[in-house]
Amino acid sequence: MKYYAADVVFPVTGPAIKKGVVAMDDDGLVKGVYNPGEIDESLVEQFKGALIPGFINSHCHLELSNLLGIVPRNIGLPSFLSSVMNERGNHNASLEEAMLDADKKMYEKGIQAVGDHVNTVVSAKIKENSLIKYHTFVEVMAMKKEDVITNIDNAKEIEFHFDYKHSSITPHAPYSVSKYLFKALKKAVSEDNIFSIHNQESDEENKLFRYKSGEFLEFFKKMDLVMDDFRAQARNSLQSFLPYIPSKNRLILVHNTYTSMKDLDFVDRMGRSVYICFCPKANLYIEGRIPKIDNFLLGGHEIIIGTDSLASNDTLDILEELKVIHQVYPELDFNETIKWATINGAKALNFEQELGSLEVGKKPGLVLLEGMDTFKLNPKVKVRRIR
Ligand SMILES: [Zn+2]
C-alpha cells in the first residue's frame with residue numbers, strides 16, 4: 001500500500017479535501033481517501049499542489065497524429081476538412097510513429113481514457129498495447145442514398161478490429177450524413193452503441209441546413225457530391241438531425257461552437273439527455289472562437305472535454321484545454337470543471353466503474369497538478385502523472 005498527500009485532493013465525486021491522503025495498492029486500486037491526521041504521516045508521500053484522478057479525453061482522432069502543424073490555422077471548417085482530406089495520404093510514412101508518440105504523451109499528461117474517432121483500423125494495435133483505455137468510434141458518412149448500406153457494413157468491418165466492449169459506430173457529422181443514413185443506422189445498431197457526433201463546429205453547417213447556402217456547397221462540389229436530395233430545413237443542423245438519433249442510445253455532441261439557446265431548448269423539449277463535449281483549443285485553431293460555455297451550464301446536460309486531433313491542436317493535453325476554458329470564463333469553479341475533465345467523460349464513454357474519480361475500488365490513475373493555488377487553475381500549473 002502507498003499513501004499520497006497533497007495541499008488538496010480532489011476525489012471529484014465528493015468534496016475536495018485540504019491536505020487529504022489517497023491510499024493505493026500496488027495495482028493502482030484506490031483503497032481509501034482520508035482527511036489529514038487519519039494516516040500516520042511517516043507512511044505518506046507528500047506533494048505540493050493538487051491530486052486528481054486521471055483525465056478523460058472525450059474526443060480525439062489518433063489517426064490524424066501525423067498532421068501536426070500541417071493545416072493552416074483560422075481557415076474555417078470547410079477549408080480545414082478539405083485540407084485534412086488532401087494531406088492525410090501524404091504523411092503515411094510517419095503515421096505509426098506519430099500515433100505511438102501521441103499515445104505515450106497523452107499518458108504522461110495524465111490522460112487515462114480517450115474517446116477516439118477512426119475511419120480505418122491503423123490505430124488498433126497501438127490501442128491494444130496502450131496504458132490508456134480507448135473507446136473507439138468508427139465514423140460512418142454517406143450523402144448518397146446508394147452508399148448507405150455499403151458504408152455501414154464497412155464501418156462494422158472496421159469496428160471488428162477494436163475492443164468490442166469499447167467501440168461503436170457513429171455518424172460523423174450532420175453535413176456528411178444524409179437522413180437515409182441516419183434512418184438506416186437506427187436499425188443497424190443496438191441500444192448500447194454510443195453515438196458521438198461533430199455538432200455545429202462551424203456556422204457554415206447551420207447555413208447549409210437553414211438555407212442550403214454557404215461554404216459547404218463548395219466543399220461538396222470539390223468532393224463531387226451532388227446535393228439535389230438535400231433540402232433547406234429552415235432550422236439549425238442539430239434540430240434537423242436529433243430526431244433521427246434513437247432515444248435510448250447515449251449521445252455525445254462534439255464542439256457545439258455555434259449551438260444556440262434555441263437549439264438547447266429543442267434538445268430539452270425532446271426529453272433528450274446529451275453529453276456536451278468542448279474542444280476549445282481545436283475551435284480556436286480552426287474557427288478562432290470557442291463555444292458560449294455559460295449557455296450550457298443550466299441545461300442539466302453533462303459537459304465533457306476533448307482535445308480533437310493534432311491536425312487542429314498543438315498538444316493532446318486536457319489540462320491545456322481546461323486552462324483555455326478558465327481563461328475565457330474566469331468565473332467558472334474548478335470544483336465543477338474538474339468533473340468535466342474526469343468523471344463526466346468516464347460516464348460518457350462507459351468507463352465510470354473504474355475511472356474518473358478517486359473512489360475505493362476504482363483504478364483511476366493519480367495525477368498531480370503542480371502550482372495550483374488551492375482551488376484556482378492558473379496558466380503556470382503543470383501536470384505530472386504519479387500513478
Ligand atoms: Zn473531431
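Residues numbered from 1 in each chain as written. Predicted model: local features only at pLDDT ≥ 70, side-chain atom pairs only at ≥ 80, totals over all residues. Heavy atoms only, no water.

Draft legend 1. Molecular detail of the overall build of the chain. Along its length, the chain carries 13 helices and 15 strands. Relative to its length of 387 residues, the chain is compact, with a C-alpha radius of gyration of 21 Å against a globular reference of 21 Å. In terms of principal-axis extent, the alpha carbons of the chain reach across some 75 × 40 × 40 Å. Across the chain, every contact between residues at least 6 apart in sequence was considered, and the portion connecting residues at least 24 apart equals 72%. (Helix = DSSP H or I, 4+ residues; strand = E, 2+ residues; numbered from the N terminus. Rg over C-alpha atoms; globule rule 2.2 N^0.38 Å. Contact = heavy atoms within 4.5 Å.)

Draft legend 2. Spatial organisation of the nonpolar core. Core analysis: the biggest nonpolar cluster contains 72 residues, and Phe-55, Met-106 and Leu-369 have the highest contact counts within it. Summarising the domain contributions, this core has at least three residues from each of domain 1 (1-53 + 357-387) and domain 2 (54-356). Apart from the residues lying within four places of it in its own chain, the contact partners of Leu-369 are Lys-48, Gly-49, Ala-50, Ile-52, Phe-55, Leu-319, Phe-334, Val-381, Lys-382 and Val-383. Membership of the second largest hydrophobic core comes to 21 residues, among which are Leu-64, Met-143, Phe-219 and Met-227. (Core = buried A, V, L, I, M, F, W, Y, C linked by side-chain atoms within 4.5 Å. Buried < 20%, exposed > 50% of the residue type's maximum accessible area, 1.4 Å probe, protein only. Domains from an automatic or database assignment.)

Draft legend 3. Examining the layout of surface pockets more closely. Here the largest pocket is characterised by a volume of approximately 720 Å³. In this structure, the largest pocket is lined by 36 residues; those nearest its centre are Met-85, Asn-119, Glu-139, Met-141 and His-172. When contributions to the lining of the largest pocket are tallied by element, the ones reaching two or more residues are helix H1 (77-87), strand E8 (133-140), helix H4 (148-159) and helix H7 (215-222). Residue contributions to the lining of the largest pocket peak at five residues, all from H1. (1 Å grid on protein atoms, 1.4 Å probe; cavity = no way out; pocket = protein on both sides within 12 Å on 5 of 7 lines; lining within 4 Å. Points joined across faces, edges and corners; volume = space filled by probe spheres on them.)

Draft legend 4. Layout of the sheet that holds strand E11 (residues 251-255). Strand order in the open sheet made by the four strands is E10-E11-E12-E13, with parallel pairing throughout. Since the sheet does not close on itself, it has two edges, and those belong to strand E10 (195-199) and strand E13 (302-305), each with one partner. When the angles between neighbouring strand axes are averaged without regard to direction, this sheet yields 30°. With five bridges connecting them, E10 and E11 associate as parallel partners. The residue bridging Asn-199 from the neighbouring strand is His-255, located in E11. (Pairing = 2+ DSSP bridges. Axes fitted to C-alpha atoms, helices over the stretch in contact; angles between N-to-C directions.)

Draft legend 5. Quick look at the domain arrangement of the chain. If you check the domain split of the chain, you get domain 1 (1-53 + 357-387) and domain 2 (54-356). For domain 1 versus domain 2, the separation of C-alpha centres amounts to 31 Å. Counting residues at the interface gives 26 residues for domain 1, matched by 27 residues for domain 2. For the domain 1 face of the interface with domain 2, the top three residues by lost area are Val-12, Leu-377 and Arg-385, together amounting to 33%. For the pair domain 1 and domain 2, the number of links is zero salt bridges. Contributing elements (two or more residues each) for the side of domain 1 that touches domain 2: strand E14 (367-370) and strand E15 (382-385). Sort the elements by how many residues they give to the side of domain 1 that touches domain 2 and E15 lands first, with three residues. Classifying every residue of the side of domain 1 that touches domain 2 gives 15 nonpolar, four polar and seven charged. (Buried area = accessible area lost by both parts, 1.4 Å probe. Salt bridge = Lys/Arg side-chain N within 4 Å of Asp/Glu carboxyl O. Nonpolar A, V, L, I, M, F, W, Y, C, P; charged D, E, K, R; others polar.)

Draft legend 6. Spatial organisation of the coordination of the zinc ion. At this site the zinc ion is bound by His-59 (NE2), His-61 (NE2), His-198 (NE2) and Asp-308 (OD), with donor distances of 2.1 to 2.6 Å. Coordination geometry of the zinc ion: the four donor atoms subtend angles of 84 to 170° at the metal centre, consistent with an arrangement described as irregular. Read from N- to C-terminus, the donor residues coordinating the zinc ion fall into the pattern H-x1-H-x136-H-x109-D. Look at His-61 and you get buried, because its relative accessible area is 9%. (Donors = N, O, S within 2.8 Å, 3.2 Å for Na, K, Ca; no water. Tetrahedral: all angles 85-135°; square planar, octahedral: opposite > 155°, others 65-115°.)

Draft legend 7. Structural context of the packing of H4 against helix H5 (residues 179-188). Interhelical geometry of H4 versus H5 gives an angle of 45° and a closest axis separation of 10 Å. The angle between H4 and H5 falls in the class oblique. Classified by chirality, the crossing of H5 by H4 is right-handed. Within the contact between the two elements, H4 uses Val-148, Ile-152 and Lys-156 and H5 uses Tyr-180, Leu-181, Ala-184, Leu-185 and Ala-188. Partitioning the contact of H4 with H5 into residue classes produces seven nonpolar, no polar and one charged. (Parallel < 35°, antiparallel > 145°, perpendicular 65-115°, else oblique. Left-handed = near helix turned anticlockwise from the far one by under 90°.)

Draft legend 8. Seen up close, the packing of H1 against H7. In the contact formed by H1 and H7, the axes pass within 9 Å of each other and the chain directions differ by 20°. By the angle class used here, H1 and H7 are roughly parallel. Of the residues in H7, those touching H1 at Leu-77, Pro-78, Ser-79, Leu-81, Ser-82 and Met-85 are Glu-215, Phe-216, Phe-219 and Lys-222. Along the lines of polarity and charge, the residues of the contact of H1 with H7 split into six nonpolar, two polar and two charged.

Draft legend 9. The arrangement of the sheet that holds strand E6 (residues 55-60) in detail. Sheet architecture is open: four strands sit in the order E6-E7-E8-E9, paired in parallel fashion. Sheet topology places E6 and strand E9 (167-171) at the edges, where each strand pairs with a single neighbour. Across the sheet, the mean angle separating the axes of adjacent strands is 20° when strand polarity is ignored. As paired strands, strand E7 (residues 111-118) and E8 are joined by six bridges and run parallel to one another. Within E8, the position partnered with His-117 by the bridge is Phe-137. This element, H4, spans E7, E8 and E9 of the sheet and lies at about 165° to E8.

Draft legend 10. Summary view of the packing of aromatic side chains. Inspection of every chain in the model, using the stated rule, returns twelve aromatic pairs. With 5.1 Å between their ring centres and 75° between their planes, Phe-10 and Phe-334 make a pair best called edge-to-face. Remark: Phe-334 occurs in helix H12 (residues 334-340) and Phe-10 occurs in the loop between strand E1 (2-9) and strand E2 (17-18); sequence separation between them is 324 residues. Looking at Phe-10, the relative accessible area reads 2%, which means it is buried. Aromatic ring contacts, followed pair by pair, group Tyr-175, Phe-216, Phe-219 and Phe-220 into a single cluster. (Phe/Tyr/Trp six-rings, centres within 6.5 Å; stacked < 30°, edge-to-face > 60°.)

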